[in-house]
Every structure is written in structure tokens, then in C-alpha cells.
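Results of the structural survey
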Amino acid sequence: MPNSVTLSRLQSLIREGIDRAHPLPYWVTAEISELKVNYSGHCYLELVEKGGENHVPKAKANAVIWRTDYRMIGSYFSAATGGQSLAAGLKVLVRVVVSYHELYGLSLRITDIDPAYTLGDMAQQRRQTIERLQRDGVFDMNRELSLPEAMQRVAVVSSRHAAGYRDFMKELSASPYRFEVTLFDAFMQGAEAENSIVEALEAAADRSDEFDALVLIRGGGSLEDLWAFNEPP
């Protein structure tokens, strides 16, 4: 019978080797592909690095922010980015400790974050979207349209539950003029906002002859709430 070790002993050897090879934390750039905060307050993430024209993941790792660190890191990140919460799709620069567990394998424990990196990436994405729209010749199309002198038939893309929509209707009702308003209901924030807004705009475009103008009411909100409006077409 050949010399052997138990599985737990092998895992222990791997953990000891990783601990010796990586005793110090690293600053790592990655994209958050998944994020979940469990009932205990710990935040579990999946980090990826994408490459190539199709942005196929070339590296992936599980990560965790323990409850006590998450309260501090999450609050700091939100305050520094104007209300943006940590979420899937964000590119981040995080300080991590490499760890290995006999049952759960390799993972990264996040102990700090640099919000300036995420802000820079968000600004770059917005700038690239604007440049693409300008190259396609559609960035100024809305400004080139003329409004009719009597603008009474109005299509509205908003959420029927949004305070901004209610305020808009209140102002119209106080006007001495009569308006015909057709609401195209959409999610204006959250993960479903982008597709929902596009679908509402397309539905309104199919009936464009019925309206004098279209109003998009996004309301206020944090950077996270409004990020759907910066997504590339």
C-alpha cells in the first residue's frame, strides 16, 4: 500500500502553504459578478476578471466581507460615491487577504475598498457612452426636434408609484390648459430598470403619431438608482 495522507491532512498542507506564500494582503482590481448579504450580516461576493472582446471571464474567485467590516466598508463606499451601494456589475479596487479552508476552498477576505477606482470607472463608462452616441450621430437628435405650439398629448415614461410622476400630474392638473397624458409604466431603478425603460420607450414610439411629446420622469435618487440612464445602448 503506497504512503498516503488523509484528505483533511492534504487540505491542511495546502492551507499552510498558501498562508506561508501569501502572508500579506493584496490590492486587487475586479468586477463584482454576484453579491449577497445573508441573515447574519456577512456579505458574500463573486469577483471576476473579464477579458477579450466578448468580456468572457478569465479569472474568478469567491470573496467575503465579514459583518463587522461590511458595515464600515459599505457605509464608507456609499458615502464616497454619492449613495452607490456595492452591487453586481461594479468594478472595484479591494484590499484582500488570501485564505484557504478545508471545507470551503480558496476565498478572498475583503478588508478595505478604494471608492475612487469605482467612481473613475463609472465616469469612464459614461464618457464612452456619450462618445459612441456622438459618433453615431444621435447624441443631439432630441435637441433638433421642434415642439408643437399646443402641446397637449403627452406620453410619460415613469413608474406609476414614483413621487416625481405624482408631482408631474399635480402640476398639470393645476394648469388652466387641458392635457391628455398616457403613462407607459416602467421600473425607474434597480436591476430591471434598463430593460423596462427601453420597452416603455419602444411602446411609446410605436404610437408616436398619438403624442406631441414624450416625458421621461426619472426622479431623484442615488447614483445606483440613476445608473440605468448611463447604460450604453
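Pairing within the open sheet is parallel, and its three strands lie in the order β7-β6-β8. The sheet terminates laterally at β7 (180–185) and β8 (213–216), the two strands that pair on one side only. When strand polarity is set aside, the average angle formed by the axes of neighbouring strands in this sheet is 25°. Here helix α5 (residues 163–173) sits on the sheet in contact with β6 (153–158), β7 and β8, set at roughly 160° to β6. Running at roughly 140° to β7, helix α6 (residues 193–205) makes contact with β6, β7 and β8 of the sheet.

This paragraph deals with the nonpolar core. Note that soluble globular proteins tend to have their nonpolar side chains buried in a common cluster. If you look at the biggest cluster of nonpolar residues, it comprises 21 residues, and the most contacted ones within it are L45, L47, I65, L86, V92, I110 and I113. Elements represented by at least two residues in this core include exactly β1 (26–37), β2 (43–51), β3 (56–65), α2 (67–80), β4 (91–101) and β5 (105–113). By residue number, the principal contributor to this core is β4, which donates five residues. Setting aside residues no more than four positions away along its own chain, L45 makes contact with I32, E34, L35, A61, N62, A63, V64, I65 and I110.

For the rest of this paragraph, the subject is the pairing of β2. Pairing analysis gives six bridges linking β1 to β2, with the strands arranged antiparallel. Bridge assignment links E31 to a residue of β2, and that residue is V48. Taking the residues that link successive antiparallel strands as the turn, the β1-β2 hairpin has five residues, and the phi of G41 there is positive, at about 100°. Pairing geometry for β2 and β3, over nine bridges, is antiparallel. Looking at β3, one finds that C43 is bridged to I65.

What counts and what doesn't
Residues numbered from 1 in each chain as written. Predicted model: local features only at pLDDT ≥ 70, side-chain atom pairs only at ≥ 80, totals over all residues. Heavy atoms only, no water. Pairing = 2+ DSSP bridges. Helix = DSSP H or I, 4+ residues; strand = E, 2+ residues; numbered from the N terminus. Axes fitted to C-alpha atoms, helices over the stretch in contact; angles between N-to-C directions. Contact = heavy atoms within 4.5 Å. Core = buried A, V, L, I, M, F, W, Y, C linked by side-chain atoms within 4.5 Å. Buried < 20%, exposed > 50% of the residue type's maximum accessible area, 1.4 Å probe, protein only.

This is a description of form; function is not addressed.
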